[in-house]
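Read off the chains here:
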Amino acid sequence: MTEKVDIFISGAGISGLIAAAAFGRAGFSVVVADPMPPVPASDADGSDLRATAYLRPGRDLIEDAGLWDVLSDHATSLDILRVIDTTGWPPKERCVRDFRADDLGNGPFGWNLPNWLTRKVLSNLLAKTPGVDLRLGVGFASTLSRETEALVRLTDGSNLRAALVIGADGRTSPVRESAGIGARVTRYGQKALALSVTHPKPHENVSTEIYNSGGAFTLVPGQPHGGQHSSSVVWMNDGSRAAALMAMDDTALNTEMTRRSCGVLGDLTLASPRQVWPIVTQVAERLTAGRVALVAEAAHVLPPIGAQGLNTSLRDVAALLDIAKRAPGDLGSAAMLRSYEQARLRDVHLRATAIDLFNRVCKSDSAAVQKLRLVGLTAVHDIAPVRRAVMRAGLGAQTT
Ligand SMILES: Cc1cc2nc3c(=O)[nH]c(=O)nc-3n(C[C@H](O)[C@H](O)[C@H](O)COP(=O)(O)OP(=O)(O)OC[C@H]3O[C@@H](n4cnc5c(N)ncnc54)[C@H](O)[C@@H]3O)c2cc1C
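The structure reproduced in this document is the subject of the present report. Sequence order sets the numbering: in each chain, residues are counted from 1 along the sequence as written. Thresholds applied to this predicted model are a pLDDT of at least 70 for local features of residues and 80 or more for the giving and counting of side-chain atom pairs; totals over whole chains, interfaces and linings are not thresholded and use all residues. Neither water nor hydrogens contribute to the side-chain values; these are computed over all heavy atoms in the structure.

1. Side note on the side chain of Ser173
Item 1. Secondary structure follows DSSP: runs of H or I at least 4 residues long count as helices, runs of E at least 2 residues long count as strands, and numbering of each begins at the N terminus. Secondary-structure assignment places Ser173 in the loop between strand 11 (159-167) and helix 5 (174-178).
Item 2. With a 1.4 Å probe rolled over the protein chains alone, any residue whose accessible area is under 20% of its type maximum counts as buried; one over 50% counts as exposed, and the rest are partly exposed. For Ser173, a relative accessible area of 1% puts it in the buried group.
Item 3. Side-chain atoms alone can form a polar contact between residues adjacent in sequence; in general such a contact is a pair of N or O atoms within 3.5 Å, and within protein one must be able to donate a hydrogen while the other accepts it. Looking at Ser173, its side chain comes within polar contact range of the main-chain nitrogen of Arg176, at 2.9 Å.

And the structure:
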C-alpha cells in the first residue's frame, strides 16, 4: 500500500529543513527529500559558501521549530548596519550612516550563520526528529494532484500520498515545473562573489554595506577563523568584473577587496574558496497549484541586498504554517492554498520590486543616480521616523 503522510517537502535546503521541523513540531507527519546530502566541511565539493543573516522574525520561526539551540553557538549577532556611500576608484567615502538595532529595542537585527554549516547541523537534528522522515539522496520526480491528496513519485521509484506538497526545491524548482507554474525572471548582468575573509580590526558586530558601482560590497560579521577576526563577503559586480576577480590570484584579490572595502577592517585576507552566484530577480507567476504550495527560492529569488532572500522565504514558511495550524483538517485544500497565496503574493511582489529598484540604484555608475542614492541614504537615515519605518520593513514588518 502507498505510504500516506500529511506533507511532502521537495528540497532539504535550509528553507525545506526549517519547514520540515516547523510542521513536524506542529504535529503534522512530514517526509522531506533531497538528492544532495549536506557537505561535511566548508571546503568540500558542493559546499554553499554563502552566509545568511537571519533577521529577528526568521530567528523566531527557527526557535519555535526547536532549532535555535543547535545553531546559536555558531551564530554572530548583527547590532549595527553601517552604510557607506562611495564614488570613483579607488572608492572615496562620501557618507557613512549607522542604522542601530537598539534604535528599535528588542536586541540585535539578526544573526549570521554559514549556509553549509546550518544545513549540516539541521540535517543531523532532523534525522533524529520524530514525525519527520528526512530522505537524502532521493529526489522528487513527479506529482499527480487529486481532489483529496497528491500522489508523489520519488526518484528511487517509491510513491507517497500527501495532503500537501511543498516545493522548497530552489530556483529551478522541479515541483514548480511539474505544477506548470511559470516564473518571471529579470537579469542584471551582475554576479556576486561569496567568500570569507580575515582582518586585523574587530568587526564589533557591525554589518557594513559599501556602495560604489556594479553593486553593493557587504561585510557580514562572523565567528573567528584560525584565531583571527573574520567576516563573510558578498561582492556584487558586473559579470565581466566578477569573472576577472574570480581569475585573480589571492594576493591581487586581497588588494582589490581591501580597496573596495575602504579599509574599514584593515587589510582583508581571503580565508575560503570563492564562489560566484548570478544575480536575478525571479518571481513565480503563482504560489500554488492543486495540493501544491511553493516557498522560498522555488517561489522567489532576490538580489542579495538587505538580507531579504532567505528571510522572505521564512515568512512564506511562517504564513503557511500559521494557516495550516488554524485548520489542520483543511491541509492542502483549495481554500487553504488560496489563503496562503493571499497572505504572501503581495508581500513577495512588493519586496521584489523594492529590491530590484534598490539594486539598480546601487549598481549604477551614472553620476546623477549616484547623487540620488546619496540624497536618499541621508534622508532615510536622518529623518528618525523614516529611518525606523525602513528598519522595521527590512526586518519583515508586513508590507501589505
Ligand atoms: C551571494 C548571496 C548571499 C546571500 N545572503 C543572504 C542573506 O544574508 N540573508 C538572506 O536572507 N538571504 C541571503 N541570500 C539568499 C539565500 O542564500 C537563498 O535564498 C537560500 O540559500 C536559498 O535557500 P532555499 O532553501 O530556498 O534553496 P536551495 O538552497 O537552493 O535549496 C533547494 C534544495 O532543493 C534541492 N532539490 C533540487 N532538485 C530537487 C528534487 N528533484 N527533489 C528534491 N529536492 C531537490 C536541492 O538539492 C537543494 O538542496 C543570499 C543569496 C546570495 C546569492
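2. Observations concerning the sheet that holds strand 3 (residues 51-55)
Item 1. An order of 3-7-4 is seen for the 3 strands of this open sheet, with the pairing classed as antiparallel. The open sheet has two edge strands, strand 3 and strand 4 (76-78), and neither has a second partner. Adjacent strand axes in the sheet meet at a mean angle of 30 degrees, parallel and antiparallel pairs treated alike.
Item 2. Judged from the 3 bridges that link them, strand 4 and strand 7 (residues 110-114) form a sheet pairing that is antiparallel. Strands were regarded as paired on the criterion that DSSP finds at least two bridges between them. Here the axes come from fitting lines to C-alpha atoms, over the contacting stretch only for helices, and the angles between their N-to-C directions go from 0 to 180 degrees.

3. Points about the packing of helix 1 (residues 14-25) against helix 4 (residues 115-126)
In a pair of packed helices, the angle between the axes and the distance between the axes together describe the arrangement.
Item 1. One can describe the packing of helix 1 onto helix 4 by two numbers: an axis separation of 10 Å at closest approach and a directional angle of 30 degrees. Put simply, helix 1 runs roughly parallel to helix 4. The handedness of the crossing between helix 1 and helix 4 comes out as left-handed. In contact with Ile14, Leu17, Ile18, Ala20 and Ala21 of helix 1, helix 4 contributes Asn115, Thr118, Arg119, Leu122, Ser123 and Leu126.
Item 2. Just so you know the grouping, Ala, Val, Leu, Ile, Met, Phe, Trp, Tyr, Cys and Pro go in nonpolar, Asp, Glu, Lys and Arg go in charged, and all remaining residues, Gly too, go in polar. A breakdown of the residues in the contact of helix 1 with helix 4 according to their chemical character gives 7 nonpolar, 3 polar and 1 charged. Orientation is classified from the angle alone, with under 35 degrees giving roughly parallel, over 145 giving roughly antiparallel, 65 to 115 giving roughly perpendicular, and any other angle giving oblique. Crossing handedness: left-handed means the near helix sits turned counterclockwise from the far one by under a right angle, and right-handed means the same turn made clockwise. Contacts: residue pairs with any heavy atoms within 4.5 Å of one another.

4. Some details on the pairing of strand 5 (residues 80-87)
Item 1. Strand direction decides the pairing type here: strand 5 and strand 6 (residues 92-100), joined by 8 bridges, are antiparallel. Of the residues in strand 6, the one forming a bridge with Ile84 is Val96.
Item 2. Where strand 5 hands over to strand 6, the hairpin turn is made up of 4 residues, of which Gly88 adopts a positive phi near 75 degrees.
Item 3. As defined by bridge partners, strand 5 adjoins strand 13 (residues 206-211) across 6 bridges and the pair is classed as parallel. Bridge assignment links Val83 to a residue of strand 13, and that residue is Glu209.

5. Re the nonpolar core
Item 1. Side-chain atoms within 4.5 Å link the members of a nonpolar core, which is a set of buried Ala, Val, Leu, Ile, Met, Phe, Trp, Tyr and Cys residues. Ile7, Phe8, Ile9, Phe23, Leu164 and Leu320 are the most contacted members of the largest nonpolar core, which totals 73 residues.
Item 2. When neighbours within four sequence positions are excluded, Ile7 is seen to be in contact with Phe23, Phe28, Ser29, Val30, Val31, Ala162, Leu164, Ile166 and Leu331.
Item 3. Among the nonpolar cores identified, the runner-up in size contains 16 residues, and Leu193, Leu219, Ala242 and Leu265 belong to it.

6. Some thoughts on the environment of Ala334
Item 1. Relative to the helices and strands, Ala334 is located in helix 9 (residues 334-363).
Item 2. Considered as a pair, Ala334 and Val32 are 302 residues apart in the sequence and their alpha carbons are 22 Å apart.

7. A few points about the site of the ligand
Item 1. Taken together, 31 residues form the shell around the ligand, and within it Asp34, Phe140, Glu297, Leu310 and Asn311 come nearest.
Item 2. Here an oxygen atom of the ligand sits 2.6 Å away from a polar atom, N or O, in the side chain of Asp34.
Item 3. Contact distances for the ligand include 2.7 Å between an oxygen atom and a backbone N or O atom of Leu310.
Item 4. Notes on the ligand: free accessible area 1,000 Å², of which the protein chains cover 87%.
Item 5. Its residues assigned to classes, the shell around the ligand comprises 15 nonpolar, 11 polar and 5 charged. Throughout, the term near means that a residue has one or more heavy atoms lying within 4 Å of the molecule or strand in question. Each accessible area is a Shrake-Rupley estimate made with a 1.4 Å probe; only the visible protein chains count as cover when residues are assessed.

8. Digging into the state of the cysteines
Item 1. When two cysteine sulfur atoms are found within 2.5 Å, that pair is recorded as a disulfide. By the definition in use, this model includes 0 disulfides.
Item 2. Cys95 forms no disulfide, and the closest cysteine sulfur to it belongs to Cys262, at a distance of 12 Å.

9. Focus on unusual backbone geometry
Item 1. Between Trp89 and the following residue, Pro90, the backbone shows a cis peptide bond with an omega angle of -5 degrees.
Item 2. By the element assignment, Pro90 lies in the loop between strand 5 and strand 6.
Item 3. A positive phi angle, near 60 degrees, is found at Asn205, a position not held by glycine.
Item 4. Within the secondary structure, Asn205 is located in the loop between strand 12 (183-199) and strand 13.

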